[in-house]
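A closer look at the structure
These are the residues of each chain, in order.
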Amino acid sequence: MRSDDDTPPSLLDGLQPTAGFDTSEVVRAIGDGDELWHRAAVDLLRWRVKTRSGFRVPGGAVATPGARLIVRAGILAWSVPEPVEVVAVVDEPSRVGFAYATRPGHPLDGEEAFVLDRAADGVITLTIRSRSRAAAYGPWHRAYPLLRIAQRVTRWRYLHALR
């Protein structure tokens, strides 16, 4: 979970190596044009990058700084609660995104960010950044190697969620 004293600047702005955390940054062009930009921006801030990737997010949730919610991940017949808090949001004419930090009870300790950028030539890219490590407590600590594999699969889903 995030602490203002030991967390580098927002993942919206870049990814800095952090001792003890695994980091990831993936970027993919998702298309171009005003229609895609407006739809993808709305969808991103309404957590659809998560819901279209197999997660359940409380209905009507919009990424708002300080919002706390429980995202649910489905694993086979289980539903795993993932408490998070939105720590940053950007909503600008050519840049939209949000970052959240995990809270106690989440299988991981860390942050994740989703950022859409529209270049001058109209190309829209989705950037996904994460900084994570095994949660300090709970049953998921030993499963961290499997959670890392699940993160890679999920990132691939995220990259296709807003097309």
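Before going into details, it helps to say that this report is about the structure given with it. Keep in mind that this is a model prediction, so the values were computed, not measured. Here the residue numbers are simple positions, counted from 1 along each chain's written sequence. In view of the model being predicted, local features appear only for residues whose pLDDT reaches at least 70, and side-chain atom pairs are presented and counted only at 80 or more, with totals across whole chains, interfaces and linings using the full set of residues. Hydrogens and water are ignored here; the side-chain numbers use all heavy atoms of the structure.

This brings us to the side chain of arginine 95. Summarising the element assignment, arginine 95 is placed in strand E5 (residues 95-102). A polar contact of 3.3 Å, which involves the side chain of arginine 95, links it to the side chain of aspartate 117. Residue contacts are defined here by distance: any two heavy atoms, one from each residue, within 4.5 Å place the two residues in contact. In this structure arginine 95 touches Leu12, Asp13, Trp37, Val90, Val115, Leu116, Asp117 and Arg129, once residues within four positions along its chain are discounted. The helix and strand labels rest on DSSP assignments: H or I over at least four residues marks a helix, E over at least two residues marks a strand, and numbering proceeds from the N terminus. Counting of polar contacts relies on pairs of N or O atoms within 3.5 Å, with two restrictions inside protein: one atom must be capable of donating a hydrogen and the other of accepting it, and residues adjacent in sequence are counted only when both atoms are side-chain atoms.

Picture the strands of a sheet paired through backbone hydrogen bonds; they go either parallel or antiparallel. By this definition, two strands are paired if DSSP reports at least two bridges between them. An order of E1-E7-E6-E5-E4-E3-E2 is seen for the 7 strands of this open sheet, with the pairing classed as antiparallel. Only two strands of the sheet have a single neighbouring strand rather than two, namely strand E1 (22-32) and strand E2 (55-56). Across the sheet, helix H1 (residues 34-45) touches E1, strand E4 (78-92), E5, strand E6 (108-118) and strand E7 (123-134), and the angle it forms with E5 is around 20 degrees. Its contacts with the sheet place helix H3 (residues 144-160) against E1, E2, E6 and E7, and it is angled at close to 170 degrees to E7. Interaxial angles span 0 to 180 degrees and are taken between N-to-C directions of axes, which are lines fitted to C-alpha atoms, for helices over the stretch in contact.

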